[in-house]
Amino acid sequence: TPPPPPPTTTPGMEVDASGTSVNCHGKGPAAAAAGDGSGEPSFAEALQTDGKAMLLSPVINSGMAEEIERQAAEEKKAERERFKSRAAIVEDTEINLQLMSLTLKNNTLRLLPKEISAHPDFKAILGAASEQTQCAPVKLTTKRMWMRLVGRRHDVMYWHKDTRTMEERFRAQGKDLIYPYTRAYPGRLDTHERWVSEVLEEVLDTFPSMRSALPKRLKITGTPLPSTAHVATLGGYIIKDKIVPDPNHKPKKGEPQKMIQLVLNRTLKEVIVLRQRRAIQIYNVVEQGRRFYRYQVFSSDSRFTYRTLAPIRGPKAAWSMSHRFACSEGKKFQEFDVPAPSLVIMRNFGDSRDSKQTYLPSRYLQGLIPTALINDYVFWRNERDDSITGYMKEGARRAVQTPTVLQIRLKKQDTFFASAIVTRVPEEKSTALPNHMVGKLEIKAYHEHLNKLESEHGLVLLDLVNARPNSIQEEIAEFAIRYDDLSYVLAWSDSGPENDGDSCTVDIVEFPRLQLKFTAKVDSSGKIRLWSSDHSGYFISNYRSEKIEQLLRCIPHSMLLESEQGDLAVLVPAIKPHRIPELREACGSDLLLERNNLIWLVNCPVRHYMYPVHLSHTFLFTPTLSSVLYLLLLRFLGRDYAGVFRLAPSCVSDTPLTREQAQIVQEFKQVVGDMHPDAHACRLKLLLTTAHSTIRLPWAIQMDLHAYLVKRDSVSAACRLSREEEGVCLRAGEGACTGLAKRSVQIRQVYHRARAERKASVAVAATAPGEPLLAPRAVMTEFEFDSIIDKTVFEATFTTQAKTFFRKFNKISYKRPQGSGQHTSFVGLSAIEFLSKTLAKGGLRLTGSKNGLGFLFLYELLTQAIEFKFQSSDNQVYLASVLTRLLPSKDTTSKGELMSILRIFGTNPKLAQETAVPKVDPSKLVSGFKAMFSNMGHAFQDLLKEMETFLAERKSLITWPDPKKAIPSPNLAKEITDAMMLIPNTDRPMVTPRESNLGCGRRVLREVAGVLPRAELEAFTSSPMGIIGLDRFVKGMTRAERRLEAVPATLPFDISRHPFAQAHISRGILERFAKDVRWYAERENKQRTPKCLALLDSEIRAMTGAGAGVKKALTQMQALRKQLEQQLRADMIAMMEGIDRVSESSTRVWDPSAPEADQHRQLTFAVARRGGGEPTPWFELLVRMTLSTEHRRDLQAVNPFLSPAACARVFDNIALVLMHANRVGQGRRCLLQCKEVIVLLDRLRRLAAAGEAEAARVELTRQGLTLKTEWLAKNLHSKRHFTRPDPEGSGGYVYDPRYLVFEFAYNILLRHSQVELVDAFMEAANDPARGSECHQMLMGGGKTTVVGPLLALMLADGKTLVTQVVPRALLQMSRGVMREKFSAIVRKSVYTFAFDRFQDVTNRLFLKLQKAKQNRAVVCSHPTAVKSFALKIVELMHILDRSQYSYKKDREMVASARSQIEIGVQVFGLWKQGALLVDEVDLVLHPLKSELNFPIGGKEPLDLTQSKAGKGLRWELPWHLLDALFVTMGNRMTVT
């Protein structure tokens, strides 16, 4: 039966300490009457005004009766008024203070039964302290306990387990047992419903255990599904039974006992089949409080379900496995619905049914609404309409600014099925009942709140799991599963759809687990975009290009964002990745994202990373250490070894790692087993980079160093260690390696020493008697291909042989390949594909084997009967010779007629090209050679006979290989192996793509015909946007031209006659003031400020809605917008084409006019580069090379076939690309500001037309327009300040490439003050006589973000240690800025110098600073650390000075102090030769704010601090001094 209605209101009670009054609902004392003192309860009458409720007062002892009567008489009138406000509440409580008992509705209170108070649902709602809750029985039956809680507005019903059968339980609710599933599955399925069985059977075949857990007789709904249906529901019962003797059968003697089937339990299971997703979901149906609920226990695809379940497949399962994302709640899909006790919790806020709610445990909503909502809300079912209200949990409320309420309204379709509308409403605008204990005042306030609300409007949740095909919901679902499961994706509509299928908008898409939110808004072009609420100004972009695809490689869950300016950024969810082993691939790179790892997510304060994309689309920025570590992990797991190698320098941290960073580093253990040669190089590179840091990688140097040395010839040039890096690894591995690893280290060290001494060979000593240092080489034997002289074809006389001789060729088969054209032809890609497939299927066999490709295929290649070429200019005889060598050894090492023919033609290609060479008739090869031989007469005999005659006539022309040249001298091989190692005379194996330095400070940019015309050159070197004709839009105007008053050149006051102004210092100050005022006035009056034409300040103030001023300004801005858009498109095309041109010209190798020998070397180099043996320059590297003083040599080291003139053209093109790219950024900023000005002008026109009503908004718009036009004019008029005409008269312009690269990297134009300040510092740094320099720059001028990084770039040259000192409070921020600025193009490690007096000066500290100097890194520190280090050395010297007379006693301490002092002196040497950048110098060098109290020596007590009595006079003396004042003030002393 359905549960009874919730109880009526239970009044809250409060008794004061004296026991003299009772306060119901906390609203004042209740009426009371005296008792007779007998101890028996007597009741005083206190009737309410309308008789709806009666207050029962307690009995009170006679000693207090008079006082109570007096109070009752005084408050009688007031109390009656209070009763009126509580007329709707039944007061049915009796408190006996004499017996200390309380009675509720004639039921004595008692503790709540244990089975209720210990129930998980009870604890979840009423807290863990609810075990002492008092209650009173409301109604007790055999199957139910209905209890009312005292002091709370809650009732609980405890239902005992239902022992009725399933039929009885359903019939009690008036339902048919088998309804609504009436049609048998799969027999009664219609033709258009066959997809249901296809999907279901596919899943059940994948999981056989699932078939046994489902009902044997599934049924589907009685009404046939529509042909367009995409969801089907099936149901059925699992019967748990046992065979027992029939109690009604009493067998006779010898008669067997009749057995019957006893049904113990019937469990209802429901199966949801999703057509589009090819997935199923399984639900258990269980009973709770005599109601039935369903909850999900299985899904074949975790991405398309509303419940987050545990995956069935492990993280190491192959990606290709069927239903890879299946998940379940353990084995619950196999469980039976065993009857069990249940608890129903109810609460109420008044007498009406509208105020009653029943707690709905969230487990019964699993799979019905997203898990993201279940985690954040607690749900109550409203009795008035069966709707559900979700209230935010306390933790979720603290995490949001605006708490919300969920309103779930059910729309019942029939008895068993319903749809729901889930609406999220702000709490302050919701009509939901309160979610906390309330009194009458709160209830009154709630009703007043309802009266103020006109309607409840909120966001409606859209169903993504069951989305209709080709709908917007389906598109969003397909997009969202790349980043998270649909159980944590919320799509909301603000259009208020009411029914399934209603048209609606998608207004908000949320990823709660990733802390992401996107809102649909219209951009300036009128398109609807999903704008990020977490990263202002960015929206989800559909832009794709080849360069972007390359950047997104190895990041399968990346999301590309775009700003309205056109800037791009890659957003990557911070999800734990796993590399999945693929059975079909030896080096798989597929990633599984472990989205439900709560520990990982909790450790991430921000659960996504943002990687800005440079406007050239050639590289990403990694602004934080966590982001670079995560990107490095993804690239390593995705086997992008070159990307890992480039990111390695940014992975440095010598500060304690955060939990987020530590867990990322821990996951590098997944790449330990990667045996790729480049993987060993990357691991060694990371070990070198993270040395002297807090990052502890999960691998050691021994294994990787040995493997790197063994596989070094297979390591790609992009991942090759430099000679210096390899030397560091060898020194470290010499002591760490053992056995073969140590032997390989020693061999490599011998090799390096020999190269340094320019030796052609070097003697190698054995490590032990009889043990060679080098492993024995494989000696070539007589079975080598070229060592065999096979003349069998001349020994056999085919013309005299009998037919039986040819039977040995019966097993030979040949299936002639079918190529393109009239004749068999394979050229280019078709040849490569055919050969790849042939080799993949087992390769070639002399007899043809399964492929049917053997002797005749190779013969036709040699004789050119088949055209088979990779390039049209290839000689396919050479290819046939190579393929002949790829035959199995049993064919190549044995002699025979067929092999002899192939060897002769392979060694003598001219014979194969003669026209008289015997050919095979293609018409006889249709069914294969075997068929031809057995069915077509003497065709094969004729071929061999012709071959015999052809070769006999040309026997004298045949050249045979020389076996002596094929097999080297065994003695020479042994000598080389055991005693001598040859050293190649080329440096190519040691070449690494890198720049020599970053010290180039002067380049010349000249006019280039067809590429850089004179007008562009002038614009790039002065005002980049001047190319659009700025004179038509912007004009520099003085104050007079702008009709502004001139700035006065005199002081606004005259105090020269004041007596204090007569001093010498005062007069000097006044003179300096006057001089500064004159200089400022002259500068301001003469300075030309850029202003937009038609938008001067005076013109803006005079603008009206319909006036000509607005129209003129709009016309001007529209023209400017058109010019900017045209120039932006031109610059984008020039930039992208320039990047491609630079990449092509820097990798160009082939020279058709070169001699044949040079062309051979060029082709060899090109093939080696294609295979990774030679480096391929990338754009970042080329840009970095422009900063090198040896840029041409660096580029020629990467590509030795570039001439000096070609190198010069490459770097000129790079400079042009950088300037185009910089103007693209400037143009985007100007275009955006131009659009904003147009919007404001249009708004001004509309507002001004409204008249006086909008006067305030008109004035505000004018102010905004003034500011926007000022910024637009400044950006348009911005100039480049580091270029100047070439003093040598070349017609070009001299510039510092470091400034240009900095502008290019960070999309800025350097200000004049910034360039001037950096130049001043660099001049001082290059002139030792000048000493230190100190300059001032106002806040916002770019000290930390521009000047500091620029100086670090210029000063850190590998010989100078650059240290930046900032106040301690700014250390983290400054370190983050340095890490961000050097996260692309020029990658620098950022170290931290941290020290205090309690640390020892270790050699590790010196090595870290030395490494920072050599690697051109930056060291950040704060004043306290530097001073502590210096004072620590002083303290150590003080210890040595005091210990010189007790050396023997303190020998260890003295030795330690001397060692630390020696290391400290080395550190001081690095600092003395280095450069110190001090930011906020006024605070760092402040004598009071930055001084360090650093006492040294032994601790000794101060005078008068102790006495025999205990406390010394030192502490009493101040009070005695103060007593003199106290006595004069009031005759009081501290001692009294």
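The shown structure was predicted, so the numbers you read here are calculated from the model rather than taken from an experiment. (Residues numbered from 1 in each chain as written. Predicted model: local features only at pLDDT ≥ 70, side-chain atom pairs only at ≥ 80, totals over all residues. Heavy atoms only, no water.)

Quick word on the overall build of the chain
Applicable threshold: Strands here mean DSSP runs of E at least two residues long; helices mean DSSP runs of H or I at least four residues long; both are numbered from the N terminus. Exposed residues in this analysis have more than 50% of their type's maximum accessible area, buried residues have under 20%, and partly exposed residues fall in between, with area computed by a 1.4 Å probe over protein chains only. Between two residues, a contact is recorded if the distance between any of their heavy atoms is within 4.5 Å. Here the open area of atoms and residues is found with the Shrake-Rupley method and a 1.4 Å probe, where only the protein chains shown may cover a residue.
For the chain, the helix and strand inventory stands at 49 helices and 49 strands. For the chain, the residues scored as buried account for 48% of the 1536 residues in total. When contacts within the chain are restricted to residue pairs at least 6 apart in sequence, long-range pairs at least 24 apart make up 68% of them. Here the chain displays about 78,500 Å² of accessible surface, and carbon together with sulfur accounts for 53% of that area.

So, the sheet that holds strand β44 (residues 1362-1365)
Strand pairing in a sheet takes place through backbone hydrogen bonds and is either antiparallel or parallel in direction. Rules: A strand pair is defined by DSSP finding two or more bridges across the two strands. An axis is simply a line fitted to the C-alpha atoms; with a helix, the fit covers only the stretch in contact. Between two such axes, the angle follows the N-to-C directions and lies from 0 to 180 degrees.
Read across the sheet, 4 strands follow the order β45-β46-β44-β47 without closing on themselves; strand pairing throughout is parallel. Looking at which strands have only one partner, the edges of the open sheet turn out to be β45 (1390-1393) and β47 (1475-1478). Strand-to-strand twist across the sheet, computed as the mean angle between neighbouring axes with direction ignored, equals 25 degrees. Of the strand pairs in this sheet, β44 and β47 are connected by 4 bridges, and their pairing is parallel. Paired with V1365 across the two strands is V1478, which belongs to β47. Set on the sheet, helix α45 (residues 1403-1414) makes contact with β45 and β46 (1418-1421); between it and β45 the angle comes to about 145 degrees. Helix α46 (residues 1423-1442) contacts β44, β45 and β46 of the sheet and is inclined by roughly 55 degrees relative to β45.

Digging into the sheet that holds strand β43 (residues 1293-1295)
Pairing is antiparallel in the open sheet, where 3 strands are placed in the order β39-β43-β42. The sheet terminates laterally at β39 (1003-1005) and β42 (1283-1285), the two strands that pair on one side only. Sheet twist, expressed as the average angle between the axes of neighbouring strands with direction ignored, equals 35 degrees. Relative to β43, β42 runs antiparallel, the two sharing 3 bridges. Along β43, the bridge assignment pairs T1283 with Y1295.

So, the pairing of strand β28 (residues 528-532)
As paired strands, strand β27 (residues 516-522) and β28 are joined by 5 bridges and run antiparallel to one another. Within β28, the position partnered with T519 by the bridge is W531. Count of turn residues in the β27/β28 antiparallel hairpin: 5 residues, of which G526 carries a positive phi of about 90 degrees.

What to know about the packing of helix α39 (residues 1204-1249) against helix α40 (residues 1255-1276)
Which entries qualify depends on this criterion: Any angle between 65 and 115 degrees counts as roughly perpendicular, while under 35 counts as roughly parallel, over 145 as roughly antiparallel, and the rest as oblique. The hand of a helix crossing depends on one turn: near helix anticlockwise from the far one by less than a right angle means left-handed, and clockwise means right-handed. Residues were grouped as follows: Ala, Val, Leu, Ile, Met, Phe, Trp, Tyr, Cys and Pro as nonpolar; Asp, Glu, Lys and Arg as charged; and all remaining residues, including Gly, as polar.
Where α39 contacts α40, the two axes come as close as 9 Å, and the packing angle between them is 160 degrees. The angle between the axes of α39 and α40 places the two elements in the roughly antiparallel class. Relative to α40, α39 is oriented so that their crossing is left-handed. Between α39 and α40, the residues in contact are Q1226, C1230, Q1233, C1234, E1236, V1237, L1240, L1241, R1243, L1244, L1247 and A1248 and R1257, V1258, T1261, R1262, G1264, L1265, K1268, T1269, W1271, L1272, N1275 and L1276, respectively. Along the lines of polarity and charge, the residues of the contact of α39 with α40 split into 13 nonpolar, 6 polar and 5 charged.

Notes on a nonpolar patch on the surface
This is how it is decided: Patch membership is restricted to residues that have no salt bridge and whose relative accessible area is over 30%. Joining uses 9 Å for like charges and 5 Å for the nonpolar side chains Val, Leu, Ile, Met, Phe, Trp and Tyr. Whenever a carboxyl oxygen of Asp or Glu lies within 4 Å of a side-chain nitrogen of Lys or Arg, that contact is scored as a salt bridge.
A contiguous nonpolar patch, built from F1053, I1055, I1065, I1069 and F1073 and spanning about 460 Å² of accessible area, is present on the exposed surface. Within the secondary structure, I1065 is located in helix α33 (residues 1064-1086). Residue classification places I1065 among the exposed residues on the basis of a relative accessible area of 63%.

Structural notes on helix α17 (residues 677-690)
Because an α-helix packs 3.6 residues into every turn, residues spaced three or four apart end up facing the same way. Test applied: Expected helix span is computed as 1.5 Å times (number of residues minus one).
For α17, spanning 14 residues, the distance from its first C-alpha to its last is 20 Å, which sits close to the expected 20 Å at 1.5 Å a residue. Counted residue by residue, α17 has 13 buried out of 14 residues, so it is predominantly covered. Two residues or fewer past α17, H692 is found with a positive phi of approximately 65 degrees.

What about unusual backbone geometry?
Here the amide bond leading from Y185 into P186 is cis, since omega sits at 0 degrees, within 30 degrees of zero. With respect to the helices, strands and loops of the structure, P186 is situated in the loop between β10 (181-184) and α6 (194-206). Despite not being glycine, N1307 shows a phi value in the positive range, around 55 degrees. Position of N1307 relative to the elements: it lies in the loop between α41 (1297-1306) and α42 (1312-1326).

Some points on the pattern of salt bridges
Considering all chains together, one arrives at 61 salt bridges under this definition. With its nearest N and O atoms 3.1 Å apart, the salt bridge here joins R1298 to D1296. Given a relative accessible area of 10%, R1298 falls into the buried group. Among the residues examined, D1296 registers a relative accessible area of 10% and is labelled buried. Several salt bridges converge on common partners, so that one network encompasses R291, R381, E383 and D386.

Points about the side chain of D162
For D162, the position within the fold is in the loop between β9 (154-159) and α5 (166-171). Note on D162: relative accessible area 3%, which makes it buried.

Considerations on the environment of L686
In this structure, L686 sits in helix α17. L686 gets classed as buried once you look at its relative accessible area, which sits at 2%.

Section: α46
When the terminal C-alpha atoms of α46 are compared, their 28 Å separation across 20 residues agrees well with the 28 Å that a helix rising 1.5 Å per residue should span. By the burial criterion, the buried members of α46 are P1423, A1425, S1428, F1429, K1432, I1433, E1435 and L1436. Buried-residue contacts for α46 involve β44, β45, α45, β46, α47 (1451-1472) and α48 (1481-1484).

Structural notes on the packing of aromatic side chains
Condition: Ring pairs are drawn from Phe, Tyr and Trp, using the six-membered ring of Trp, whenever the two centres fall within 6.5 Å, and their geometry is named by plane angle: stacked under 30 degrees, edge-to-face over 60, tilted for the rest.
This model, assessed by the stated rule, comprises 31 aromatic pairs. A centroid spacing of 5.1 Å and a plane angle of 40 degrees characterise the contact between Y609 and Y630, whose relative ring orientation is tilted. Of the two residues, Y609 is situated in strand β34 (residues 608-613) and Y630 in helix α14 (residues 625-637); the sequence distance between them amounts to 21 residues. Classification of Y630 by relative accessible area gives buried; the value is 0%. Considering the side-chain rings of F826 and F868, the 5.6 Å spacing of their centres and the 45 degrees angle between planes classify their relative orientation as tilted. In this pair, F826 sits in strand β36 (residues 825-827) while F868 sits in strand β37 (residues 867-869), placing the two residues 42 residues apart along the sequence. Overall, the relative accessible area of 6% leaves F826 in the buried class. Using a relative accessible area of 1% as the deciding quantity, one classes F868 as buried.

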